[in-house]
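# Geometric and topological summary
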Amino acid sequence: MLKTGKSLRLRRLSLAGDDRYLFVPLDHSVSDGPLVPAGQWDDLLRALVAGGADGIIVHKGRARALAPEVLRSCALVVHLSASTACSADVDAKVLVGDVEEALRLGADAVSVHVNIGSDTEGQQLADLGAVARSCDDWGMPLIAMIYPRGPRIENPRDPALLAHLVNVAADLGADMVKTSVALPLERMAEVVAHSPIPVLAAGGPPDGSDLIEYGTAVMASGCHGLAVGRRIFSAPSPASLVAGLAAVVHGRGADGTTPGDTGQATRPDGTTNGMGMTHYSTIGAGVV
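Residues numbered from 1 in each chain as written. Predicted model: local features only at pLDDT ≥ 70, side-chain atom pairs only at ≥ 80, totals over all residues. Heavy atoms only, no water.

## Regarding the overall build of the protein chain
The criterion, for reference: A helix here means a DSSP run of H or I that spans at least four residues, while a strand means a run of E at least two residues long, and both kinds are numbered starting from the N terminus. For every residue, the accessible area obtained with a 1.4 Å probe (protein chains only) is divided by the maximum for its type, and the residue is called buried under 20%, exposed over 50%, and partly exposed between those limits. Any two residues having at least one pair of non-hydrogen atoms within 4.5 Å are treated as being in contact. Methods summary: accessible areas were calculated by the Shrake-Rupley approach with a probe of 1.4 Å, and residue burial reflects only the protein chains presented.
Helix and strand counts for the protein chain stand at twelve helices and ten strands. Split into buried and exposed, the 288 residues of the protein chain put 55% on the buried side. Considering only contacts in the protein chain between residues 6 or more positions apart, those separated by 24 or more positions represent 67%. For the protein chain, the exposed surface amounts to about 11900 Å²; the carbon and sulfur share of it is 53%.

## Some words on the packing of aromatic side chains
For clarity, the cut-off: Pairing of aromatic rings covers Phe, Tyr and Trp, the last counted by its six-membered ring, and requires centre-to-centre distances within 6.5 Å; plane angles under 30 degrees mean stacked, over 60 mean edge-to-face, and any other angle means tilted. Note on geometry: a ring has a charge over it if NZ (lysine) or CZ (arginine) is within 6 Å of the ring centre and within 35 degrees of the ring normal.
Counted according to the given criterion, the structure contains one aromatic pair. Consider the rings of tyrosine 21 and phenylalanine 23, whose centres lie 5.7 Å apart with planes at 35 degrees: the pair is tilted. Accessibility classification places tyrosine 21 together with phenylalanine 23 in one group, the buried group. Positioned above the aromatic ring of tryptophan 41 is the side chain of arginine 62, whose terminal nitrogen or guanidinium carbon lies 4.3 Å from the ring centre. Geometry around tyrosine 147 places arginine 149 over its ring, the cationic atom sitting 4.1 Å from the centre.

## Regarding the packing of helix 3 (residues 41-51) against helix 11 (residues 238-249)
Heads up, the condition is: A fitted line through C-alpha atoms serves as each axis, taken over the contacting stretch for helices, and the angle formed by two N-to-C directions is quoted from 0 to 180°. Our angle categories are set so that under 35 degrees counts as roughly parallel, over 145 as roughly antiparallel, 65 to 115 as roughly perpendicular, and the remainder as oblique. Note on convention: near helix rotated counterclockwise from far helix by under a right angle means a left-handed crossing. Clockwise means right-handed.
The geometry of helix 3 relative to helix 11 is characterised by a closest axis approach of 7 Å and an angle of 30 degrees between their N-to-C directions. On the basis of the axis angle, helix 3 is roughly parallel to helix 11. As helix 3 runs across helix 11, the sense of the crossing is right-handed. Of helix 11, the residues touching helix 3 (which contributes Leu44, Ala47, Leu48 and Gly51) are Pro238, Ala239, Val242, Ala243 and Ala246.

## What about helix 7 (residues 159-171)?
Basically, it comes down to this: One less than the number of residues in a helix, times 1.5 Å, gives the span that helix is expected to have.
In this model helix 7 runs 18 Å from its N-terminal to its C-terminal C-alpha over 13 residues, within 8% of the 18 Å that 1.5 Å per residue would give. All of the buried residues along helix 7 are Pro159, Leu161, Leu162, Ala163, Leu165, Val166, Val168, Ala169 and Ala170. Here the buried face of helix 7 lies against strand 6 (109-116), helix 6 (121-138), strand 7 (142-148), strand 8 (176-179), helix 8 (188-193) and strand 9 (199-202). Just downstream of helix 7 lies glycine 173, where phi reads positive at about 110 degrees.

## Things to note about the environment of aspartate 137
By secondary structure assignment, the location of aspartate 137 is in helix 6. C-alpha of aspartate 137 to C-alpha of valine 99: the two residues are 38 residues apart in sequence and 9.5 Å apart in space.

## Let's talk about the sheet that holds strand 6
The following threshold applies: We treat two strands as partners when DSSP finds at least two bridges between them.
Taken together, the eight strands give a closed barrel; going around it, the order is 1-2-3-6-7-8-9-10, and neighbouring strands pair in parallel fashion. Averaged over all pairs of adjacent strands, the angle between their axes in this sheet comes to 25 degrees, without regard to strand direction. Where strand 1 (residues 21-25) meets strand 2 (residues 55-58), three bridges bridge the pair, whose relative direction is parallel. Within strand 2, the position partnered with proline 25 by the bridge is isoleucine 57. Across the sheet, helix 6 touches strand 6 and strand 7, and the angle it forms with strand 6 is around 160 degrees.

## Notes on the confidence of the model for the protein chain
The condition that has to hold: Per residue, pLDDT captures the predictor's confidence, and it can take any value from 0 to 100.
Mean pLDDT for the protein chain: 89, with 86% of residues reaching 70 or above. Residue range residues 253-288 is modelled with pLDDT below 50. Its contacts to residues more than four positions away, or to other chains, number 79 contacts.

## Structural notes on the pattern of salt bridges
We apply this condition: Here, a salt bridge means any Lys or Arg side-chain nitrogen found within 4 Å of an Asp or Glu carboxyl oxygen.
Summed over the entire model, instances satisfying the criterion amount to ten salt bridges. For glutamate 69, the salt bridge is made with arginine 46, and the minimal N-O distance between the two is 3.7 Å. With glutamate 69 in the loop between helix 4 (60-64) and strand 3 (75-79) and arginine 46 in helix 3, this pair connects stretches of sequence that are 23 residues apart. Judged by relative accessible area, which is 40%, glutamate 69 ranks as partly exposed. We classify arginine 46 as partly exposed; its relative accessible area is 37%. When the shortest N-O distance is used, the salt bridge between arginine 187 and glutamate 190 registers 2.8 Å.

Shown next as structure tokens:
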């Protein structure tokens, strides 16, 4: 029954049922500060749902304040890790919640952040393993947010390093992994090829360029989805941007093809980008 519970929750994480995911992380309010004025929080959530986000990622306090009707067609992921930009070690992450709390809040999944190469890597790995064990006990899907960050990392976009990280996530019990994108971007296919669990690309293009084009190229590399926060919640029209990204993730281009077929995707204004992964091969591996 517990395995069935995890299967049901995993299914709810993909609106289209195609094992592809568009998640919008909103945990930045702990690490960096408010995303929007408090009075606009509900409007932001409704915009993300209206645009077609598969799930939102929030901390437990925000989850408690959600109106149930807001997430009728959007999954809830409760983030269990935290740190702030004011910390003496910004790469250190600590657990601030547990799986049982997330279950009581109605979560469809939980997420844990691990920074490989940080001074506290050992404790973060231990935390990931402990949460994975609890997730198995309760039938809860686990998303590992695992990044190469810290004084021991020379190139955080190195494909071989990222392939190592996604396997750490899988080996310690995660059901899917969110990580950085390799550069040049076409080498992200190598990372995906070495991962036994679905890979979600974190964030937007490192050079601040077109997010729809970037998402198309990322999905063409074999990723199962995108996890984009700041570029969405700071956009003039979050709903429109989410709709464009949802079309890319779930393969609903203007001509009905999937992003991997042509490298094209539909922008919120109805135009196509006309390019795929090649555009990003010129981005240097040293860009963070």
